[in-house]
Amino acid sequence: MGNNIARQLLIGLDAMEWNLVERWAAEGKLPTFQRLLKEGLHGELRTTSAQLPDTVWASICTGTNPGKFEKYFYAQYDPGSGNLKNVPDDAIHGVPFWEYLSESGKRVSIIDVPKFPLSRRINGLHLTNWGAHATKTARASSPESLLGDIDGLFGRHPVGDCDAVDEKPKALHDLRRRTLAGLRLHGELFRWLMEKEPWDIFFAGFSAPHCIGHHFWHYMDPDHPRHDPLDPHKLNDTIEVIYRALDDEIAKMLTLAGNNIQCLIVAGHGMGPMYHASWHLNEILDLQGYGQASTRGLTTRKIREAHVNPWRLLKMILPGKVQYAIKAVLPQRLQDELIFRWYAGERNWAGRRAIAVPNNDSVGAIRINVVGRDKHGIVQPGEEYERVCREISDALYDIRDPKSGRKVVKHVTLAHQEFQGPYLDQLPDLTVLWDQSFPWDSVQSVRLGTLHLRRQDARSGSHSPHGFLLMHGLGVPAGRAVYGHSIYDIAPTVLQLAGIPIPRHMDGKPLDLCY
């Protein structure tokens, strides 16, 4: 380590909601966060969660935008085949900041950071997919012996796949117990490794807020249609219990790290209620004239029940343990096909100018079938493509909730205007960020008519585009708020604090305190 360069403790909080952190810190329920807000620097971050939520960790780790990743979602549209393909985290192909640190002689420990594959070029320790949420890469470590040591001392993480549960209170109580135990075990593991090996930069990922937010949001949120204020199942405080336990684990890590450090805590996205029409986007596109010819011009003034994907209903009906038992005996090809049908049904995409493709629930994704780019291309590139994108965007902004009259689309992003890179043509052409600030279950417009949407997911929480950071320690100004930064800025900030040159291909910039 060079002179006057402090060690860095980085803590990743997967899908922890900033609005809840601010509220509960102000109320004294999160004393560690309350102290960090008072004594350090904080700010909200622009995030790819507003377009492609599954890319947030890749963008944090590499400092680059999704146009530079081969993967944006695990069930991903393939323009060559006109179908879906399973894409693991190993296909991201971005270079994480810790490899630049390692090449410069810095000693690093990268422990269970979500949704990023194992690095072989590392000066230190790397652990992947031990207890990280929905991470599509190997359960592995570098050195290889580390995973065996961890399993021997701590056992396997108790949560596993947290979607292997159903809505029954008994199953949710068990998930709550396992998530809390897993959070505590993560804290113990991180502290053990902090003492086991020397490090200049230590990066640890807590996944508990992600799982618990998906399944317990309606228990906490008094405005949610499924909320019961009488709390008959004693689950309404679950998210708060997890956040308070996480606050305690962070405090222990800070104490162990000592005073001569710089601590950076980051969340790439948050969590909120699940109100969206992503599962109905193909029907919406059809009714607006961009899909099947047989559905064009069917808009009427009467309320229509939106179509339902039977594969999604089947997933809601079957207990989670049964689903995963079936999955375990199927070959990978059939496992993939079940996932594809769950996301996109039968996938009859030929003859459509625009199709809905899989993405994370809170953000719909649309692909234009372009001649020369997509197997089923019928839209000419250039002027016609631009016109179709504008028309669809305008039509989406016109959609409202018929009960309140409020618009249900918060923002439509045109990917070719937002991102850049060698994989830009693989991304959805448009993404649709739905307004999740109020309950709605129907959509209406002049072109669309009125569609009543049926719930097709047992979960009540989905991602919000609320990223945030907190910094504390040597050289960090107290009580300062920063503005205008994004998740792309985390990697260059870490490198600059370590005295390492920032690669030119990175899309971010260091935080203001570094100037």
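Preceding this paragraph is the structure being described.
### Brief notes about helix H15 (residues 490–497)
- For H15, a buried count of 7 out of 8 residues is recorded, marking the element as mostly surrounded by other parts of the structure.
- By the burial criterion, the buried members of H15 are Ile490, Ala491, Pro492, Thr493, Val494, Leu495 and Leu497.
- Of the residues trailing H15, Gly499 is marked for its positive phi of about 80°.

### Some details on the nonpolar core
- Residues Leu9, Leu13, Phe33, Leu189, Phe202 and Ile239 are the most contacted members of the largest nonpolar core, which totals 61 residues.
- It is helix H8 (residues 238–257) that contributes the most residues to this core, 9 residues altogether.
- Ignoring any residue separated from it by four or fewer positions in sequence, one finds Ile239 in contact with Leu20, Trp24, Ile212, Gly213, Phe216, Trp217 and Met220.
- With 57 residues, the next largest nonpolar core counts Val56, Ile201, Val357 and Tyr488 among its residues.

### Details of the pattern of salt bridges
- Scanning all chains against the criterion turns up 36 salt bridges.
- Across the pair Glu39 and Arg35 runs a salt bridge, and its minimum N-O distance is 3.4 Å. With Glu39 and Arg35 both in helix H2 (residues 31–39) and 4 residues apart, this pair spans about one turn of that helix.
- We classify Arg35 as partly exposed; its relative accessible area is 33%.
- Two residues, Lys252 and Glu249, come together in a salt bridge whose shortest N-O distance is 3.7 Å. Here the residue Lys252 and the residue Glu249 both occupy positions in helix H8, the gap between them amounting to 3 residues, near one helical turn.
- A relative accessible area of 35% means that Lys252 is categorised as partly exposed.

### So, the packing of aromatic side chains
- Summed over all chains, the structure comprises 18 aromatic pairs.
- Here the aromatic rings of Phe190 and Phe206 are separated by 5.0 Å at their centres, their planes lie at 85°, and the arrangement is edge-to-face. Separated by 16 residues along the polypeptide, Phe190 in helix H6 (residues 169–196) and Phe206 in strand S8 (residues 201–206) bring together distant segments of the chain. Each member of the pair Phe190 and Phe206 is classed as buried.

### Some thoughts on the side chain of Ser142
- In this structure, Ser142 sits in strand S7 (residues 140–142).
- For Ser142, a relative accessible area of 13% corresponds to the buried category.
- Contact partners of Ser142, with chain neighbours within four places excluded, come to Leu118, Ser119, Ile122, Gly124, Leu125 and His126.

### Examining the packing of H2 against H8
- H8 packs onto H2 with a crossing angle of 60° between their chain directions and a minimal axis gap of 7 Å. By the angle between their directions, the pair H2 and H8 is classed as oblique. Packed against H2, whose contacting residues are Pro31, Thr32, Phe33, Arg35 and Leu36, the element H8 presents Asp247, Ile250, Ala251 and Leu254 at the interface.
- Classifying every residue of the contact of H2 with H8 gives 6 nonpolar, 1 polar and 2 charged.

What counts, and where the lines are drawn
Along every chain, residues carry numbers that run from 1 in the direction the sequence is written. It should be noted that, the model being predicted, local features are given only for residues of pLDDT at least 70 and side-chain atom pairs only at 80 or more, the latter also being counted only at that level, while totals for whole chains, interfaces and linings use all residues. In computing side-chain values, all of the structure's heavy atoms are included and hydrogens and water are not. When accessible area is computed with a 1.4 Å probe and restricted to protein chains, residues below 20% of their type maximum are described as buried, those above 50% as exposed, and intermediate ones as partly exposed. By definition, any uninterrupted DSSP run of H or I lasting at least four residues is a helix, any uninterrupted run of E lasting at least two residues is a strand, and each is numbered from the N terminus. To form a nonpolar core, buried Ala, Val, Leu, Ile, Met, Phe, Trp, Tyr and Cys residues must be joined to one another through side-chain atoms within 4.5 Å. Contacts between residues were defined by any pair of non-hydrogen atoms, one from each residue, lying within 4.5 Å. Salt bridges, as used here, are contacts in which a Lys or Arg side-chain nitrogen is within 4 Å of a carboxyl oxygen on Asp or Glu. Pairing of aromatic rings covers Phe, Tyr and Trp, the last through its six-membered ring, and needs centres within 6.5 Å; plane angles under 30 degrees mean stacked, over 60 mean edge-to-face, and all others mean tilted. Angles here are taken between N-to-C directions and fall from 0 to 180 degrees, while the axes themselves are lines fitted to C-alpha atoms, restricted in helices to the stretch in contact. In these notes the angle categories are as follows: under 35 degrees is roughly parallel, over 145 is roughly antiparallel, 65 to 115 is roughly perpendicular, and the rest is oblique. When residues are grouped by polarity, Ala, Val, Leu, Ile, Met, Phe, Trp, Tyr, Cys and Pro land in nonpolar, Asp, Glu, Lys and Arg in charged, and all others, Gly among them, in polar.

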